[in-house]
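Chains, contacts and geometry: an overview
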Amino acid sequence: MTRHGKNCTAGAVYTYHEKKKDTASSGYGTQSVRLGKDAIKDFDCCCLSLQPCRDPVVTKDGYLYEKEAILQYILHQKTEIAKKMKAYEKQKKALKSEGQLESKSEERKRAEKFKQRENNIVSKPINPFTSGMKTRQGGLNLSTTHSASGSDTGASSSSSALPSFWIPSLTPEAKPTLLKKPSKTVLCPMSGCPLKMSDLISVRFTPLDPSLDRVALLTRQDRYVCAVTKDTLGNSVPCAVLRPSGAVVTMECVEKLIQKDMIDPVTGDELKEKDIIPLQRGGTGFAGSGVDLKAKEARPVMQA
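For the chain, the name recorded in an unreviewed UniProt entry is Nitric oxide synthase-interacting protein, with Cyprinus carpio as its organism.

**Points about helix α6 (residues 251-261)**
Among the residues making up α6, those that are buried are C253, V254 and I258. Each buried residue of α6 lies within a common arc of 90° when the element is viewed along its axis, so the set occupies one face. More than 90 degrees from the buried face of α6, the exposed residues found are E255 and K260. Note on α6: the residue one or two positions beyond its end, M262, has a positive phi of about 55°.

**Focus: the environment of F43**
Here F43 is to be found in the loop between β1 (31-34) and β2 (56-58). Looking at F43, the relative accessible area reads 7%, which means it is buried. Residue contacts for F43: discarding those within four places in its chain leaves L64, F205, Y224, L233, G234, N235 and L279.

**Considering the side chain of D275**
Structurally, D275 is set in the loop between α6 and β9 (276-278). Beyond its immediate chain neighbours, meaning those up to four positions away, D275 contacts V241, L242, R243, P244 and E270.

**Details of the pattern of salt bridges**
Side-chain pairs of opposite charge can arise whenever the charged atoms involved come near each other. Summed over the entire model, instances satisfying the criterion amount to four salt bridges. The partner of D44 in a salt bridge is R223, with the nearest N and O atoms 2.9 Å apart. With D44 in the loop between β1 and β2 and R223 in the loop between α5 (214-219) and β6 (224-225), the pair connects residues that are 179 residues apart, well separated along the chain. Per residue, the accessibility class of D44 equals that of R223, and both read buried. Two residues, R243 and D275, come together in a salt bridge whose shortest N-O distance is 3.2 Å.

**Brief notes about the sheet that holds β9**
Adjacent strands of a sheet pair through backbone hydrogen bonds, lying either parallel or antiparallel. An order of β8-β7-β9 is seen for the three strands of this open sheet, with the pairing classed as antiparallel. The open sheet has two free edges, formed respectively by β8 (248-250) and β9, since each of these has just one partner strand. Pairs of neighbouring strands in the sheet enclose a mean axial angle of 35°, with direction left out of account. Inspection of the sheet shows strand β7 (residues 239-242) paired to β8 by three bridges, in the antiparallel sense. Directly across from C239, in β8, lies its bridge partner T250. The strands touched by α6 are β7, β8 and β9; relative to β8, the strand with the most contacts, the crossing angle is about 80°.

**Here we look at the pairing of β7**
Alternating residues of β7 divide into C239 and V241 and A240 and L242, and every residue in both groups is buried. Taken together, β7 and the strand that follows it, β8, pair antiparallel across an intervening segment of five residues, in which G246 is found at a positive phi of about 75°. Note that β7 and β9 share three bridges and pair antiparallel. Across the sheet, residue A240 finds its bridge partner in β9, namely P278.

**Focus on the state of the cysteines**
Enumeration over the complete set of coordinates arrives at zero disulfides. Note on C45: no disulfide assigned, nearest cysteine sulfur contributed by C53 at a separation of 6.8 Å.

**Examining the sheet that holds strand β4 (residues 201-202)**
Taken together, three strands build an open sheet; the order of strands is β3-β2-β4 and the sheet is antiparallel. With partners counted over all chains shown, the strands left at the sheet margins are β3 (64-66) and β4, one partner each. Where β2 lies against β3, three bridges are found, and the strand directions are antiparallel. Following the sheet pairing, V58 is matched in β3 by L64.

**Concerning the packing of aromatic side chains**
What the rule picks out here adds up to two aromatic pairs. Ring-pair connections join several aromatic residues into one group, and the members of that group are F43, F205 and Y224.

Reading guide: rules and limits
Residues numbered from 1 in each chain as written. Predicted model: local features only at pLDDT ≥ 70, side-chain atom pairs only at ≥ 80, totals over all residues. Heavy atoms only, no water. Buried < 20%, exposed > 50% of the residue type's maximum accessible area, 1.4 Å probe, protein only. Helix = DSSP H or I, 4+ residues; strand = E, 2+ residues; numbered from the N terminus. Arc of directions from axis to C-beta. Contact = heavy atoms within 4.5 Å. Salt bridge = Lys/Arg side-chain N within 4 Å of Asp/Glu carboxyl O. Pairing = 2+ DSSP bridges. Axes fitted to C-alpha atoms, helices over the stretch in contact; angles between N-to-C directions. Disulfide = S-S within 2.5 Å. Phe/Tyr/Trp six-rings, centres within 6.5 Å; stacked < 30°, edge-to-face > 60°.

Pasting the structure below:
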């Protein structure tokens, strides 16, 4: 820990800024840093590649993607699901065969036990003239031998039940973890909701100046405008996508103009509430944007 009050020797209080400085230099404790505008995705950038979209598409939840990137993601997820499903089917067949073998072994054990019981029921013919003499002479011997044999069998059974971990054949083995049946639905990487190719809606941005090419648009900070009011679009301007035409308009235009008659101003088609998709924004550098712009790094706590 640094010296208290390096530039203020008369202060008797350990200030907040001194505490923050000591925390940063010591390497212990959770650090939180506020992000700036450069660390935020622009409203017209893909959520996967984080680059401005050439052929943008939007989901029903309002997340913008590059068409090529999201199609590659969907195909990759489908191949992964197919691999997991194949491994699950293989495990299912193995478990089924093991179950059949166990059932067969149980049936064999039952048959052997039944044979032993049947053999014990069948007795040899007894000679009435010699059986009585043998029982009288060897009564004590039979009892003693039975007790001794019983103790021996009890000792042997207890010794066989004890595990011997130093013998390789008796060491416990770790069984492979059972796989769960994978879900066949592809999920959106941002919202986590089910995603299909048919759910993707093509988006058409209205450029600020139609004469500018793509390179000139990328170098400009203000690139697109509203399709109706021609207001400049940005992270601080709430936008929406109209499903029939794919045009991007401001939410102010939606509330004041489009929601009155519910007609698409570009194509003239009738609109429903689900046809107006609010576009998800990355936020701004200001605290009033409603987006939490704090990054936290959890580090070990120094203990005394």
